Structures are given as C-alpha cells and as structure tokens.
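Tertiary structure, described
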There are 2 protein chains.
Amino acid sequence: MSVPKDNPFMEKIVSLCKRRGFIYPSSEIYGGINGFWDYGPLGAELKRNVKDLWWNATIRRRDDVVGLDATIIMSPKIWQASGHVDTFSDPMIDCKTCQGRFRADQTGEIPCPKKPGKCVSECDGEKTAPRAFNLMFQTYVGPVRDDSAIAYLRPETAQAIFAQFKNVLETTRQKVPFGIAQVGKAFRNEVTPRNYTFRSREFEQMELEFFIKPDEVVEAIAGRVAKAGEPVPNSQLPTPNSDWGWEAWHKYWVEQRLAFYESIGLPRTTLEEYWQKPAELAHYARACVDLLFKFPFGTQELEGIAARSDFDLSQHERFSGKAMGVFDEELRAAWSQLPREKQDELRRRYYEHRKLYLAKMARPGETPEQVDKAAREDADGLAKGQYLPHVIEPSAGVDRLMLALICHAYHEDQMPDEKGRLETRIVMKFHPRVAPIKVAVLPLLKNKPELVKTARQVHELLRPWMNVFYDDAGAIGRRYRRQDEAGTPFCVTVDFDTLGEKPELKDTVTVRFRDDGRQERLKISELRDWLLVKIR
Amino acid sequence: MSVPKDNPFMEKIVSLCKRRGFIYPSSEIYGGINGFWDYGPLGAELKRNVKDLWWNATIRRRDDVVGLDATIIMSPKIWQASGHVDTFSDPMIDCKTCQGRFRADQTGEIPCPKKPGKCVSECDGEKTAPRAFNLMFQTYVGPVRDDSAIAYLRPETAQAIFAQFKNVLETTRQKVPFGIAQVGKAFRNEVTPRNYTFRSREFEQMELEFFIKPDEVVEAIAGRVAKAGEPVPNSQLPTPNSDWGWEAWHKYWVEQRLAFYESIGLPRTTLEEYWQKPAELAHYARACVDLLFKFPFGTQELEGIAARSDFDLSQHERFSGKAMGVFDEELRAAWSQLPREKQDELRRRYYEHRKLYLAKMARPGETPEQVDKAAREDADGLAKGQYLPHVIEPSAGVDRLMLALICHAYHEDQMPDEKGRLETRIVMKFHPRVAPIKVAVLPLLKNKPELVKTARQVHELLRPWMNVFYDDAGAIGRRYRRQDEAGTPFCVTVDFDTLGEKPELKDTVTVRFRDDGRQERLKISELRDWLLVKIR
C-alpha cells in the first residue's frame, strides 16, 4: 500500500494513524486500492480543521478574496486550454517480458516484478520506447460512450477558478487585485503512488488564484513599480500597496503562507523555501517558490507559490472565444494623464509581453502577422483601461499538510504513571487550532453520580463551541494517555473539589495540559472563553 | 442547462443565483456541461454552513456518532457487493432514426430532437428494445486500461462507511448502537439531469449509517422490544433507550432529521413525510421514509431515512470474506441468563431472518443446504454474544437542501426607499445559521475618516467569529438592499452617534434586521455575543 519501507519513524506514524483512526487504507477489506486512503474519525476532524483554518485565513478574514466551489468534472475543453490534455503526462515503458508498465524515469528504482533484488532497468526484459501516459482519469458523461462524451476528473482545482473568473468578477464587488480560492478533491492517476498519503491518486487541494495588475498597469497608475522588499519578520507582514508589481505580490504571498503554517503549528524551522531556478520554471512562470517540509522520508513540497503571468486567462480567452480582460477605471483615467513617451513605452512593453506569449502558444496555421496584430490590439486596450490580469497562485495540498502536521506532532516521552513510575507515552502535539478533539471532559470516578452529572454539564456547556470528548472509562491516568495519543491539548477533570469538598474550590475544575502534564485550576464559568482563545 | 421551463418562480431563482454569485453553470465559457453546477462566492459559503451544521448536529454534538472521510474512487469490489455494478441502471432505448438515446420510462416526456412538438414516444423513429445503462461513471486506475483496472466514481457515500465499519469499531471506543457519518461528493451519470441543481450528475451527500442491535438481541438484553411511539413534538425528542428495536430507532431518526431541518430554517409545514409502501421498498428495507420539500417544480425528496436491516454488512462480509459482526459482552452475559425456551425462540427468529436474506442473495451454485448451514451458524453466534448489526440510514442531499433553502428564502416585498417611497425589494430570508454572510458593517458615509475607522474596528472585532462583509460604497439604503439579496440577516451601521454626537449613544451602533427593516441600538462591546447567539 505504498508505505515507505525501512523507515522506523514512518512505521510508527502509519501504525498510530491506523490504530487511533486517523488514516485507513481505502477499501481495506477488499485488499485496498493502491494510492487511495481514507480518513477515520480523528483524521476526518483534523482534515476539517485544516481546511476551515485555510478557508478562514484565505477568504473570510480578508476583504480581497472570495470562495468558489466548482465541480470535479468540467468541460473537457478546459483541459485542452490549460494544456493538460496534451502535456500532463509521464513517460512510460512497457516490458515485453513481464508485461509490466513502468515510469521511464524510475526504472532505476522500481523493483523488477520477476527478478527479486533487481530493478526494472537491470533486468533483461525487452522494453518499448517511452510513451506519454496522461495522468488525468478519464470517463464518459452521458449515455453514449464516444469521443464527444470524454471528460476528465480535474487534476487540479485551479482551472475552475480561471473558467469562472468573469462570473465572479461580475457578481461580486471585487476589483483587481483580488483573489478567488477553492478547496476540493483532485485526481491524478500516478503510476507509482508513494510515501503513504504524500503522493496519492485522490487528494485534496487548497488553491488561491490572486489576480493582479500587470506591471505596466501598475506603473501607469502609481508612477512606479515597487520591487519585493527584504524578507519581513512574520509579525510585520507588509500591507499591500497600489505600487506593488508581481514581484512584491509574489513575495507577499510567500510570507502569508509561511505565516499560515506557523499559525497552525509548523514553525519556520521545519520548512524550507526553494526558489525554482530559471531553467526549472514552467515556460509561462516568472517565479515559483516551493515550500518544503522535512518529512521523515525526505524534504518534500507542501505548497508551490507561482507567479503565472497572464498565461491562464489568455489560454481560456483563446480557447473559449470569451473576453477575459477587465476594465479598470483607474487605469483609463491615469493613462490619459501620462506623457506621450510614457504611454508609448508602457504600450511597447505590454505589446512585447503579449507577443512573446501569443507566439509561443500560437495554434497551427496562425501566422506571425496574426500574432503581431493580436498583441498590438491587446496593447491598444491599455488606453481604454483594459488588460488581462496576471496571477499569483499559492497552491497547497491538504493531505500533505496533514501528513506534515501528524509527523511533526508525533512525540514519545517519559511521563509518570498513576504510581509515579516513569513510562513511555506517545503524544501527538498538535496545535490546539488543528487538534481533532479540543478538550476531553473526565469525571474523576465513573461510579459517583454527582461527579458524572457535573462532568456531563461541563460537557454540554462546551459542546456547542468546540469538539469535546467525554470519557469516564478507566483510571484517570489511562484516560489522559488516550487523549495524548489523539492529540487533545486539554483535559478537564471534575473531582470532589469541584463539588465543594474544599469550599474555596467549588465549581472549579482541573485543566491538564497535554504537552507537559502540568495542571491548573479554573472556574467552570470561565472555561469556555479560556478555551476559545486557545483554539481559535 | 436543465433549468425548469415555463416556471416563472424558478426563473427568478435561477436569475438571482447567477446574478448574486450563488450558482453558475459549470464551464459556462465553454457552453457548459449538462448536469454540472458550480457554487459562486455566496453559494460556497452557504454550502459550507449547511455541511458544517449537519456535521455538528450529527457528529460533534452527539456521543454516539463519529465521522469518516473516505475516497470517491474505491475498490470496484465494493460496488459488486452493494449491487451497484449489476443493478444500478436505467433502461435505455436508442432511436435508429435520430441516433438519440433516451430513458425508456421517459419517452412520453422527452421532446423528440427531430420533430418539434412531439415527444420521443410519438415520433415514427424505429426504437431498440430497452437496455440497462449503468449510472456509475467508470474510469481506469493505474497505467493499464484493461478490465482489471476498471473503477467507479462512488454513486453514494454510504458504502465506504460499511467497508470501514470494522476499522472504525476497532479504533474508537464506540459500541453498538452507534453511527458513522460522512459528507462528500457522489456521481451519477443521469441520462436526463433536470430541475436546475436538483438532479445533477455531480452532487454532494450527507449520510449517516447508524448501527443498531437486531431486535432479537434487544429482546435478549432488555427483555422486550419497545415499538416506535406516537409522533413526538419536536421540543421533546425521545431519549434512546436500551429496549429500542429498529422501529423505535427509525422513528427517532425521522424526528431528529425533521428537527434538524427546522433548526436551519425549513419549518415542518414546508416538509412532507412519505412512508414508502411495502411494494415500493427495496427488498432488504424494512421501512423507508422520504422527507419531501415543496419545490416550485413539485414536491420532491430531500432525504430518505431507511431501515436497511443487516443487508449491507452481510453483503460485504460475503464478498470480502471478512467477518463484519460485533461481539457484545452484554448479549453474552444476558443470553446465559435466559430460559432455554427464550433462547430457542430468539435463535429461531434470528435464524429465519438470516436464512431469508442468505437465500435471496445466494450466489450461483450455492445450495439450500449451504444457505441453511450458514444461517444456523449465524444464529449460534448469539450465545457467544455475536451478531451483525442492523442499520438505520438517514441520507440527505446537500445540493437539494441548498436549493430548498434558496427557494424558501426568496421573497419579494415592499420596503420604503431613502425618501420613504415604497419600492419592491428581493430579500433572501435565510436562517442566520445558514446565511452566507452573517453581518455587514457599514459606515454611514465613506468620506468621514472617523466613521470609516470605527467601522473597520467593528469589522475586525467580529471577523474572527463569523463571516462579516464590509461595505462603504453608495447610499446606505442601497447597501441594505444588496445585503437583503445576499440574505445577510443583520446590518450594523456606524454613524455620528457612534462617535458621540449624542453622548448617551457613544460606542453604540444601529443593528438593522433584514426581514422587517426594524432597527435597534446596541453597544459595540455587546455586539459579538449578541450575534453569536443568533448565528449558532
């Protein structure tokens, strides 16, 4: 089931995730299905929290980003425009001896199914030349299975955002710069799913397309284009400014995303920024930063933040025949005030950018004259306040992030048991914001009705506000340990002092902290607000 | 795009949904794709709220239900066990004249593509005999496209719950009766998607499988089986009891689900209970209630609540070869105390139920003797505390519920404008719990920095706790109208009194109620808690 082998730490993670109901192999009773994983009760809660936090940070807490929830199956033309139909593929070879099919670039790693101890490239089997294998899952929509009915499961959530860009623009009060964000499932028919849930065939993405003005437009309006500043400490994120060009916006989103990871419990020291080198960039990308996490199986990508220029909107404009540009009153007004030379310079730069793009993406039969004319028309639009927005795309994987959070949370330490003897415990040190269960409410003893009644009252008091777990089974120390493994940051114990055995402690409870076992006494009446601050 | 025609009310709904960004046709710039709809910014928020409320009511606020988040693509064997591969199909006919393919049971309604004004059954085209057309979307997993790689997009979320039943049972501390619930996408290749988002090809479900003891087990433990009582008023939902059999549990869930709809703004008067007649029931179902909503295009199903006996777990046990039964210490202990005649009677009833099922689902080649032996072994399990749980399944559609909420919320009424003249307004009277935006914060005037500053402070104060919209563009009356159309229940206006023009009103704001335009003065310091009570 594509779990890393010979990695004792990962074995512990996989074991804990199964044992405590974070992650199960999909369809396990039928032998599983390679590259698919289910989230159990604790995993489902963790996943909801991660997605909610992202949605809140990216959309609800900002004025300039709105949400979208588009379908997984869309018109296949979207994937022609995006390039996925033609180029989203891996090179594959077939072995005529064992009938296996393998990724051509991995034959040195994949074990030969027939010759133990040898990899595919070492065996004697006769191989075909590499052929492109498209990673999109294909299906048919409608009653007739012919070419006109082919559709794909989306391999990313981003394209729906571009396809609905004009609808969103026209039905909200947003103006560029603004973003559209989406969370949802995506599918890639990976030839070799691997590293547990890290590279699976069905996964979830959290993607933001943030639309900005091209630098020429910024310069026309603001008189200058501010470059990205020096790295800014997390506590002082820069405030967007009207003179920001793509570089400043790109850097801004890198910082925002790092701050997000920090806010849910992944400190910067666990992450690496990898700035792609010019040769590595996709042809339309101006820059791309990968945020990497140090997984137990290697340092791997959590998120990519790409400056994609106007590639996506351009493609959809050309393939759909629908204008994807915006009208910007500010630009129109500013343009008329610019000196003639400035107008000419900006128009020329815009024209050159458009021509480069249009020439590169020209369809068969398009002549250089046609390309030149189209680029010239695009540049002429500036004077009328028209342009195609550029885009900054922070694109994160939910499942990868969950795996990072789980790996980072996993600790073994020594804690005294009921009798004061040190014992090894497993504790999942999730940030309270992502923890599946926020607080466990425990009556000290199960067989004292007064304790149980008060514990149930505390339970009901907190329940409308957070995910609470009630547990009265077994010794209190064992109940703590169970919550440690689930990653519950706080345990609230109702004891005889709560009932008034010591009058000064009446209506107070013990709050026990997961990470260090420390305990604190709190009034029941203050409990809700005390917890809410910590978990939000 | 399968929107109801000649239905003026639905035309208004569709228009409002597009204009305000609730719902767009998927892939609209490419001409759309029949049966697929996207949710825009307001729709995405509404949908999140609906799903969150269901998740909270069904899982987080109960002790006896846990969540699951399984994959859309699962082992195809699951769909063999569930019966979907063999029987989840519609009868289709082909017309040899127009080459069209139509649902055989709808030829009297579907217009003939060639003969305007005639339906398919009236045209002269030569038709084939009806053939079964499976509604599951099919794809291939892995690099090789052959029969062994066929997989399906799940047509319902329920089966994943059955397939993971034992994993969940073993990794949580739940005991029967308990439930497993899931929210997620499902896909059905409907031949004729219709009624806007009501019957689409990609949709979302909220399903609970609630596992209960068979009546024989209840009787062994509790000495009796309580029948379902008379309908219970909503305010007094019955508390589950250990003597409840399937009828009492089934009725309980019907009441729970009605109470849920009421809690999010669909009063009982808008819903109908339809108890399926014996002849309509699926062969394994003991009862099924459809909860219907009076849509503008007809009274149609929102949710089905079925008593499915032990059919699903039985099927997966037989197809996977993995034991799906539970061990129940209470049963084992109770059984040994029963008089011999009672044991015999319960064993006989359990045996007869199992035999009936096993005979009906027997595979080719299975002999009556084998069936009898298997049923007898199942019945012998009772004495050891073993049995297969039965199940009650409340299964709701997210998109249908959203459409019901939208249709129910839509109102046109007369409101005085700025100058006191009555004008017609469109207002979406969503319950505050589901409303996409909970509150709008509006400075009375945009060009007074003090008003704007204070309004921004109020905005920031509320934002961590709810979805807030800030709007300073245009006359205050027009801003109210925009929020009315979005369904925002409360507008908070910061005016000169807020700043202290009337000292006794300093630091207060006006709260304006969407439904009747009434206004109330509230302290800023009390605003958050005042709103939180209303929206939760």
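Residues numbered from 1 in each chain as written. Chains lettered and ligands numbered in written order. Predicted model: local features only at pLDDT ≥ 70, side-chain atom pairs only at ≥ 80, totals over all residues. Heavy atoms only, no water.

Moving on, we get to helix α2 (residues 41-60) of chain A. Taking 1.5 Å of rise per residue, the 20 residues of α2(A) would be expected to cover 28 Å, and the 26 Å separating its terminal C-alpha atoms lies within 8% of that figure. The element α2(A) is extensively covered by neighbouring structure, given that 17 of its 20 residues are classed as buried. (Helix = DSSP H or I, 4+ residues; strand = E, 2+ residues; numbered from the N terminus. Expected span 1.5 Å × (residues − 1). Buried < 20%, exposed > 50% of the residue type's maximum accessible area, 1.4 Å probe, protein only.)

On to the interface of chain B and chain A. Opposite the 87 residues of chain B that make contact, chain A presents 87 residues. Taken over both partners, the interface formed by chain B and chain A buries close to 7,800 Å², and the fraction arising from carbon and sulfur atoms is 51%. Of all residues in chain B, B:I29, B:Y30 and B:R60 bury the most surface against chain A, accounting for 11% of the area lost on that side. Its salt-bridge partner being A:D52, residue B:R48 comes within 2.6 Å of it at the nearest N-O pair. Between the two partners, chain B and chain A, sit 55 residue pairs in polar contact (both at pLDDT 80 or more). (Contact = heavy atoms within 4.5 Å. Buried area = accessible area lost by both parts, 1.4 Å probe. Salt bridge = Lys/Arg side-chain N within 4 Å of Asp/Glu carboxyl O. Polar contact = N/O pair within 3.5 Å; in protein donor to acceptor, adjacent residues only side chain to side chain.)

This part is about the sheet that holds strand β9 (residues 178-187) of chain A. Residues and elements named next belong to chain A. One open sheet holds the seven strands; their spatial order is β3-β9-β10-β16-β13-β12-β11, and the pairing between them is mixed. The outermost strands of the open sheet, each flanked by one partner alone, are β3 (65-67) and β11 (271-275). The average undirected angle you get between the axes of adjacent strands in this sheet is 25°. Across nine bridges, strand β12 (residues 287-295) lies against strand β13 (residues 298-309) in antiparallel orientation. In the sheet register, L291 faces β13, and the bridge partner there is E303. (Pairing = 2+ DSSP bridges. Axes fitted to C-alpha atoms, helices over the stretch in contact; angles between N-to-C directions.)

Moving on, we get to the relation of the copies chain B and chain A. Between the two copies of this chain, the relationship is a rotation about some axis together with a displacement along it. Between chain B and chain A, which share one sequence, the superposing operator has a rotation angle of 180° and an axial displacement of 0.0 Å; the RMSD is 0.0 Å. These values place the two chain copies in the arrangement generated by a two-fold rotation axis. Judged by C-alpha distance, B:T139 is the residue of chain B that lies nearest the rotation axis, at 2.6 Å. Comparing interface residues between copies, 100% of those in chain B also lie at the interface in chain A; the contact surface is shared. (Least-squares fit on C-alpha atoms with pLDDT ≥ 70 in both.)

Our next topic: the confidence of the model for chain A. It should be kept in mind that the predicted coordinates are not to be read in detail where pLDDT is low. Residue-level pLDDT values for chain A average 93, and 98% of them are 70 or greater. Segment residues 230-235 of chain A: pLDDT under 50, and seven contacts once partners within four positions in sequence are set aside and those in other chains are kept. (pLDDT = per-residue confidence, 0-100.)

In this section: the pattern of salt bridges. All names here are of chain B. On inspection of all chains with the given rule, the structure shows 121 salt bridges over all chains. Here E329 makes a salt bridge to R332, at a shortest N to O gap of 2.9 Å. With E329 and R332 both in helix α10 (residues 329-337) and three residues apart, this pair spans about one turn of that helix. Note on R332: relative accessible area 36%, which makes it partly exposed. A salt bridge links R349 to E345, with the nearest nitrogen and oxygen atoms 2.8 Å apart. Taken together, the residues span about one helical turn, with R349 and E345 both in helix α11 (residues 340-360) at a distance of four residues. Relative accessible area serves as the criterion here: at 26%, E345 is assigned to the partly exposed category.

Let us look at the pairing of strand β17 (residues 410-416) of chain B. Residues and elements named next belong to chain B. Here seven bridges tie β17 to strand β18 (residues 422-428), and the two strands are oriented antiparallel to one another. Bridge pairing links E412 to I426 in β18. Where β17 folds back on β18, the antiparallel hairpin that results is connected by five residues, among which G420 adopts a positive phi of roughly 85°.

Assignment of secondary structure puts A:R20 in the loop between α1 (8-19) and β1 (23-25). Only 3.3 Å separates the side chain of A:R20 from the side chain of A:E485, close enough to count as a polar contact. Leaving out residues up to four positions away in the same chain, A:R20 has contacts with A:L42, A:R482, A:E485, A:A486 and B:T171.

A few words on the packing of helix α14 (residues 449-462) of chain B against helix α17 (residues 524-535) of chain B. All names here are of chain B. Following both chains from N to C, one finds α14 and α17 inclined at 35°, their axes separated by 10 Å at the closest point. For the pair α14 and α17, the sense of crossing is right-handed. Contacts from T454, V458, L461 and L462 of α14 reach α17 at I524, L527, R528 and L531. Considering only residue class, the contact of α14 with α17 consists of six nonpolar, one polar and one charged. (Left-handed = near helix turned anticlockwise from the far one by under 90°. Nonpolar A, V, L, I, M, F, W, Y, C, P; charged D, E, K, R; others polar.)

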